[in-house]
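Architecture at a glance
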Amino acid sequence: MNGKKGSVEIDIPPPNKAKQPEDGNKSGFQGFPCKAWIWSAWEFCKDDVDRVIFSFKVGLAVLLVSLLILLRGAYEIFGTNIIWSIITVAIMFEYTVGETFNRGFNRALGSLLAAILAIAVGELAQLTGRIAEPIIIGLSIFLIAGAITSFVKLWPSLVPYEHGFRVIIFTYCFIIVSGYRMGNPIRTSMDRLYSIAIGGFVAAFVNVLVFPMWAGEQLHEELVNSFNSLADSLEECVKKYLEDEELNQAEFSEKVMDEFPDEPAYRKCRTTLNSSAKLESLADASKWEPPHGRFRNFFYPWSEYVKVGAVVRYCAYEVMALHGVLHSEIQAPYNLRIAFQSEIQDAANQAAELVRSLGKDIWNMKRSLKTSLLNRVHSSTERLQRVIDMHSYLLTPHYDLPDNSSNPLPKLSHVLPTTPYDFLDQEDDVCSTNHEKSSNHLTQNLTESYYEMMRKQSRRLNSWPSSEVDPFEKGGGFRIGILPQMRAVKSTAALSLTTFTSLLIEFVVRLDHLVEAVDELSKMAKFKHEDL
């Protein structure tokens, strides 16, 4: 450097200032990803067109109310108080018709009660004289608009009317203070009430007549989607459990318990489990809607939809438990899983068919008897239970291979492959004699993958966190001291299959409650009867 011996000179080219404006022009605005934002907005609108319709409906309602101020003739009639109509539309207009009516009722009732209280207190304060009048008004604001109203709105049975109590607070304060300064609380209350009435009428008119979005239809569709998601998730879980020869477990991370990208039905089932608040909200909004579309009965039993949704979640818990077994650390070997493949697959398919049939009946609003479907589901489950009982020796750690290795293992009703479990019970002889080391090559091949699985599982069981030392490789080979641990892991792995089948049978048992809930809904909603 500077001509010194051994130095290295590095030439750094000056920055090209001419290219900076070009980069900024490509993005539209410097530091703002305009193209990415437009694309995400387009995808958001494309996902649900009703969002765009709702936005235009709100704009139309606000425009109609604003014309009362923009037009000179209307402004001379209503005056500046019409601004409360715009505020009413902005606060009252909701996504569905039922929510709009519910919000409008709360606002109208709250404004009416606040106006009555404000007029009564204002007239009483005027009778006390100019000195005591502001004191009484201040105390009334503290007690009525503040302490009492805020306390009452926290009462559990009055929580649905929380918006109405908020309206009472600011409406009472506005009327009582304006009446004190203007000297006419009655006139102020009337102006406020008719402005709110105009805004509420415009909001309801636009929401009902311009592409109405009914909460009842959304509740109906949401419940049917829950049935389909439950059936899809069950079939996907059983299919993955029986088809994957090696259920490789991902390394533990913060997301491993909630995200499985290759299982879309799992995410749908998880959404069903979290749908309680949504169903209750839609049911409450549906009660405010008039008869419409296919729901032409007065006092339609919307609350029954919530009850059916609760039973669906009751069944979905079992499916999530099946997913838990599917993604557990200790798994039954593939040979043992496919031994009961036919019975497990048949029971799952029959149960999924029944769930989809129930959802289809709700969607079509038809009532059909499910006797034949229930009988098939129960018979397939009973067959699975009998096969497990008959071949329970495969699920215990005490099952031994015959002395003559040429004799085949007992078979199930279908072709049952030999299981590598049986090899472990002869490990003592393997270690004591050299004759067994040259045993049948087929048995050795079956046990190679099992040794590898046992090695990984033993490392998980013996240390936390996982140790770098491999107990099977330490000392140059297999150790006799690890046999008891391998037998324990072997027993646990066999119980994994038992747990999976037990959860599947429990799911079928819970379907009886689901059939009863759907039948009760069909009776109360007066679905069209149709025999199978």
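If you're wondering where the values come from, they're calculated on a predicted model, not measured in any experiment.

**Comments concerning the UniProt feature "transmembrane region" (unreviewed entry) in the protein chain**
Under the UniProt annotation, "transmembrane region" (unreviewed entry) lies at residues 52–71, 78–98, 104–122, 134–152, 164–181 and 193–215. Along residues 52–71, the helical share is 95% and the strand share 0%, with 28 Å between the first and last C-alpha atoms. Structurally, residues 104–122 is divided into 100% helix and 0% strand, and its ends, taken at the C-alpha atoms, are 26 Å apart.

**Overview of a nonpolar patch on the surface**
The grouping of Leu60, Leu63, Leu64, Leu67, Leu70 and Leu71 at the surface amounts to a nonpolar patch, some 510 Å² of accessible area in total. The residue Leu70 is located in helix α3 (residues 49–70) in this model. Note on Leu70: relative accessible area 63%, which makes it exposed.

**Notes on the pattern of salt bridges**
This model, assessed by the stated rule, comprises 13 salt bridges. Note that Arg166 is salt-bridged to Glu162, the shortest N-O span being 2.2 Å. With a gap of 4 residues between them, Arg166 and Glu162 both fall in helix α8 (residues 162–182), about one helical turn apart. The class of Arg166 is partly exposed, set by a relative accessible area of 44%. Judged by its relative accessible area of 26%, Glu162 is partly exposed. The structure contains a network of salt bridges with shared partners spanning Asp232, Glu235 and Arg356.

**Considerations on the environment of Val177**
Locating Val177 in the fold gives a position in helix α8. Given the relative accessible area of 40%, Val177 is considered partly exposed. Taking the C-alpha atoms as reference points, Val177 and Gly122, separated by 55 residues in sequence, lie 9.0 Å from one another.

**Structural notes on the packing of helix α10 (residues 215–243) against helix α13 (residues 302–326)**
Contact geometry for α10 and α13: axes closest at 10 Å, N-to-C directions at 20°. Here α13 runs roughly parallel to α10, going by the angle between their axes. In terms of crossing hand, the pair formed by α10 and α13 is left-handed.

Parameters and conventions
- Residues numbered from 1 in each chain as written.
- Predicted model: local features only at pLDDT ≥ 70, side-chain atom pairs only at ≥ 80, totals over all residues.
- Heavy atoms only, no water.
- UniProt positions renumbered as here; feature names shortened; annotations may be inferred.
- Helix = DSSP H or I, 4+ residues; strand = E, 2+ residues; numbered from the N terminus.
- Patch = residues over 30% accessible without salt bridge, like charges linked within 9 Å, V, L, I, M, F, W, Y side chains within 5 Å.
- Areas by Shrake-Rupley, 256 points an atom, 1.4 Å probe, with all protein chains shown as cover.
- Salt bridge = Lys/Arg side-chain N within 4 Å of Asp/Glu carboxyl O.
- Buried < 20%, exposed > 50% of the residue type's maximum accessible area, 1.4 Å probe, protein only.
- Axes fitted to C-alpha atoms, helices over the stretch in contact; angles between N-to-C directions.
- Parallel < 35°, antiparallel > 145°, perpendicular 65-115°, else oblique.
- Left-handed = near helix turned anticlockwise from the far one by under 90°.

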